[in-house]
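# Notes for the structure review
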Amino acid sequence: MSRAQHRPTSRQLVTPSKRRRAPWRYGAALTAGGMLLAACSAPAATTATNQPVGSWADVRSEARGQTVSLWMWGGDSQGNAYVDDVLAPAAKKAGVTLRRVPVVDTKEALNQVIAERQAGRTDGSVDLVWVNGDNFATGQQAGAWRCGWADDLPNMRFTAPDDPLLTSDFGTKVDDCESPWHKAQFTLVYDSAQIADPPSSLAGVLDWADEHPGRFTYPAPPDFTGAAFIRQLLYSVSGGYENVPATLDQAAYDELSPALWQRLRDLAPSLWRGGRTYPRDSVALDKLYAQGQVDLTMTYGPATLTDLVATGTFPETTRVLPLAEGTLGNASFLAIPSTSGSAAGAMVVANLALSPEQQRLKADPQVWGQFSVLDQSRLPAPEEKAFADLPASPVVPPYPVLSRNANPELSSAWVPALDEGWRRNVLAEVQ
Amino acid sequence: MTRTRRALGLLLVFLLLAWFLTPLLPLALWAGAESWSGTSSLPQRWGAGNLTSVYASDGGAAVLRSLALGTAVAVLATPAGAVAARALALRQVRGPRLIAALLFAPVALPVFAVVMGLNVVLLRLHVPGFLGITLVLVVTALPYTTFLMRAAYAAYDVAFEDEARTLGASPGAVRWRVRLPLLSPALAGAAFLAFLVGWSDYIVTLLLGGGRYVTLPILVASAASGTGNEPTVAALSLVALVPPALLLVSLGLLRRRLNPRRSGSARRSDPAVSPLPLVEGAA
Amino acid sequence: MRATLVVAAPVLAVLLVVVTGLGATALQSLGLMPLTGAPRLSFAAYTSENGELLTATGLSLLIAAASTALAAVVGLATAVAAMSSPRTRRLLTGLVTATVPVPHLVGAASVGLLLADGGLLSRWLGASPGTWPSLVAGRWPTAVVLEYAWKESAFIALVVTATLATRLTGYHETAALLGAGPWARFRHVTLPLAAPALGLASAITFVYTLGSYEVAWLLGPAYPEPLPVMAYRLFTSTDLAARPEAMALAMTTTVIAGAAALAALALVRRTAAWR
């Protein structure tokens, strides 16, 4: 059998006509173009952002059988265990299946919700998100959160209605769009074996750093903890939080920030690596601290400290460094996206998380150690007593002690301004 | 081989061993460590608790999901890449340069940007998560499979096929008994790479899966984002190494079955040395 | 004809994903697909970071070039060593199999644990505080390059071995029979046969390293940062207005990586063993 019969040469296959390959190329381009048009055509149909909640009984019956996907940061093994082993079974009793979706950053959940909004979906895959200030504000900008449900939760009656931490989230009005979950306090942590006589103010800490070169550093903004440190320092160089307006004001920024950048620039040569580089995030700083490269670290979630010391990640002599002028405090919340299809189930779970029993279980340092958002004076007597009987953590002082003199947070508009200012005025200048 | 040459060869192998294994050492040590302070050279306490806790948490289900994804990508991307490579190598299509550039393009794309745009389109079309992830990952794997096979075709002599045909083999026999065994190492490599694209992908699974598809890399990434989770990350990573290793072993066994004359020393049975036995082997 | 049809499927899939994804990125960078508000064409996103753009591009190219060069050398050495005997081949294949599946995230974490100031190597070698060189997050991206080179050398070794295995031994024997020494065999047999695979794998490595952010994110300094890290930082910013800037950076990275890809493909096509 000749070669020519069974194996046509490539020349025979390549037809001179462009007709044969044109159709599918154009078809492909058209399909892709069509998809693109579909993507960027008119904005998504408005979802029921402000659909009024029926009676609680209606919500509970609608929630039965629903599956709720809770998107939360997965880096805290105690938190994961609490949701999987304590909260989820409790939700099951109410007929709701709670699924935890671990994410590296809440922004991933936010991006998913925004994409779903752009696509006009109402049966989205995000039902409940553990959010904090800046993500909440960003989401409000994009219409990502469902509103008009939080104040109707039965367990809201145990919270103080005028608690500033619960009515405004990083300066953005909560406005019935999210339900509170934990309270947190920005905390400096030090190794008492290395620092025998710790300073008692933030200015004192920076002076200590000047005297001990290479033993202190802070995470680079835009990391959440690093940004909080910058804000705390802004309060300190401005002579107290009363001197810094909560809402971003260009005049105030221009007046107050130069002192901040100057102090950080003066501090830089005494920092780890001479201030030429900074840990990428709080995890990197914690690693430096654990490896004995620096003597201080910082966190906005002191609940994790107990477990870190218990497992030996942090040295045993780790202690919380209280500042006389107080530190930033805030609350974190659970928000329901406007694209969620299981909103009723999500509300039931949020209500459950707010219940005195769950807040108490969560506050146990052996379980999670997250501070409660409830007002102790509004709790029934047995619950109040149970809270008081919680074991103490060897590392973290109780919340009333830790939050003494708590400073309010600035509005979230300050955050990107300070982050960018830090990059321009401190990081780039020290190179 | 002289003694110095053999010694140099041994030294090279030893250096390569050190090069590949050293970065894996921290992982191996952490996987077996129950407690390791940041300042000591070795863990204070050893234990197998980390590995068992992987299965206690969602680890087992995540492994199965990753397996499904990896297999789907391998099954789709390997033949597609092989066929495209053959068409390019034998110049059977018009505009090979454009097609080659197109098939190479996915490597040059920043994944998160592309996926964000695609996510909206897929959501609007109500495409199920698994399908969307598989489509994007197959496209991501295509450069690897296509160009691995393209390079293999550059070292491949099509004369073997011609010779088999002149000796009377049917096109099917040519394909299955000549082309496939000769290309089997490259095909195995391509399938392995495609499987890995699906197995170890994080960002596409996260963004297009809508949280419903929690695979092993998602567990690893979320564990790595917290302090003090090195044992979990290490245990998960070690668990993540096992199925690809098993896959490579099984691919090797499959190759040996397809082409038994190539087992053992490659020298003896290499067709480049002695093409005649091929006819008997083709029966 | 049949070949054209069969090739059409993968090409269509690639076109779909690439055009849709890149298109959406481009539109977002031009302000035509905003997350909030009305679409409005604007080139502001492209002009806002000019000063840092050059530094970032230079750093990206440096990291990519250094990683690819090192990975190519080690990968080729591994492939050649693997050809010497079946036992060595099994050992090296095993090593490569253990390395390639490790995701870059985990690899970076592991290399970080190894090479950091207070890391394992520094502890094992007994370095006193302050004397260990700044490999991680230092002035030069040493740890970043090492991690990329480590993983990609395994990838290159895998690709080159897979293609060399198809044909090498016969030529080696012929050349040896004809009296060529080992170095001559390497230069005239192994290297030309391995060149296309090596070239392509190196091209893939270069382009991938140019566009990948995870390793530089974990192991690199806060400043200067390569292009993809800057893009990712802006992409995850809480300020939604930074999103178009992130997309503009992503487009820039794509253009540079695309140019690099085309150049690499052209170079590989020139090698003698290419058909």
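### With respect to empty space enclosed by the protein
All names here are of chain B. Within this structure, the stated rule accounts for 11 cavities of 30 Å³ or more. Here the largest cavity defines a volume of roughly 950 Å³. Ranked by residue count, the leading element in the lining of the largest cavity is helix α7 (residues 129-154), at six residues. A class-by-class count of the residues in the lining of the largest cavity yields 33 nonpolar, six polar and four charged.

### Considerations on helix α13 (residues 303-310) of chain A
Residues and elements named next belong to chain A. A303, L305, T306, L308 and V309 are the residues of α13 that are buried. Buried residues in α13 make contact with α5 (77-93), β7 (187-191), β8 (296-299) and β9 (318-321). G312 sits one or two residues past α13 and shows a positive phi near 90°.

### Side note on the nonpolar core
Core analysis: the biggest nonpolar cluster contains 309 residues, and W181(A), F216(A), Y218(A), F229(A), L264(A) and W422(A) have the highest contact counts within it. Looking at this core element by element, the count peaks at 15 residues for helix α9 (residues 171-199) of chain B. Formed jointly, this core draws a minimum of three residues from each of two domains, domain 1 (1-42) and domain 2 (50-269) of chain C. With residues up to four places along the chain from it excluded, the contact list for W422(A) reads Y218(A), A220(A), P221(A), I230(A), W261(A), L264(A), Y278(A) and L427(A).

### Concerning the confidence of the model for chain C
For chain C, per-residue confidence averages 85 on the pLDDT scale, and 96% of positions sit at 70 or higher. What the predictor reports for the complex is a pTM of 0.86 with an ipTM of 0.86.

### Some details on the interface of chain A and chain B
If you look at the interface, chain A gives 48 residues, while chain B gives 41 residues. Together, the buried faces of chain A and chain B total about 3,700 Å²; carbon and sulfur atoms form 57% of this surface. There are one salt bridge connecting chain A and chain B. Between K287(A) and E230(B) there is a salt bridge whose closest N-O contact spans 3.9 Å. At the surface where chain A touches chain B, the tally comes to 10 residue pairs in polar contact (both at pLDDT 80 or more). Secondary-structure elements contributing two or more residues to the side of chain A that touches chain B are α1 (3-6), α2 (10-13), α3 (22-40), β1 (67-73), β2 (97-103), α6 (106-119) and α12 (282-290) of chain A. For the side of chain A that touches chain B, the element with the highest residue contribution is α6(A), accounting for seven residues.

### Comments concerning the domain arrangement of chain C
Residue and element names in this part refer to chain C. By the assigned domains, chain C splits into domain 1 (1-42) and domain 2 (50-269). Its C-alpha centre places domain 1 at a distance of 28 Å from the equivalent point of domain 2. In this complex, domain 1 contributes seven residues to the contact, which on the side of domain 2 involves eight residues. Carbon and sulfur atoms make up 81% of the area that domain 1 and domain 2 hide from each other, which totals about 640 Å². On the domain 1 side of the contact with domain 2, Q28, S29 and L35 bury the most area, a combined 57% of that side's loss. Taken together, the links from domain 1 to domain 2 amount to zero salt bridges. Summed over the shared surface of domain 1 and domain 2, the number is zero residue pairs in polar contact (both at pLDDT 80 or more). Taken together, the residues that form the side of domain 1 that touches domain 2 break down as three nonpolar, four polar and no charged.

About the criteria used
- Residues numbered from 1 in each chain as written.
- Chains lettered and ligands numbered in written order.
- Predicted model: local features only at pLDDT ≥ 70, side-chain atom pairs only at ≥ 80, totals over all residues.
- Heavy atoms only, no water.
- 1 Å grid on protein atoms, 1.4 Å probe; cavity = no way out; pocket = protein on both sides within 12 Å on 5 of 7 lines; lining within 4 Å.
- Points joined across faces, edges and corners; volume = space filled by probe spheres on them.
- Helix = DSSP H or I, 4+ residues; strand = E, 2+ residues; numbered from the N terminus.
- Nonpolar A, V, L, I, M, F, W, Y, C, P; charged D, E, K, R; others polar.
- Buried < 20%, exposed > 50% of the residue type's maximum accessible area, 1.4 Å probe, protein only.
- Contact = heavy atoms within 4.5 Å.
- Core = buried A, V, L, I, M, F, W, Y, C linked by side-chain atoms within 4.5 Å.
- Domains from an automatic or database assignment.
- pLDDT = per-residue confidence, 0-100.
- Buried area = accessible area lost by both parts, 1.4 Å probe.
- Salt bridge = Lys/Arg side-chain N within 4 Å of Asp/Glu carboxyl O.
- Polar contact = N/O pair within 3.5 Å; in protein donor to acceptor, adjacent residues only side chain to side chain.

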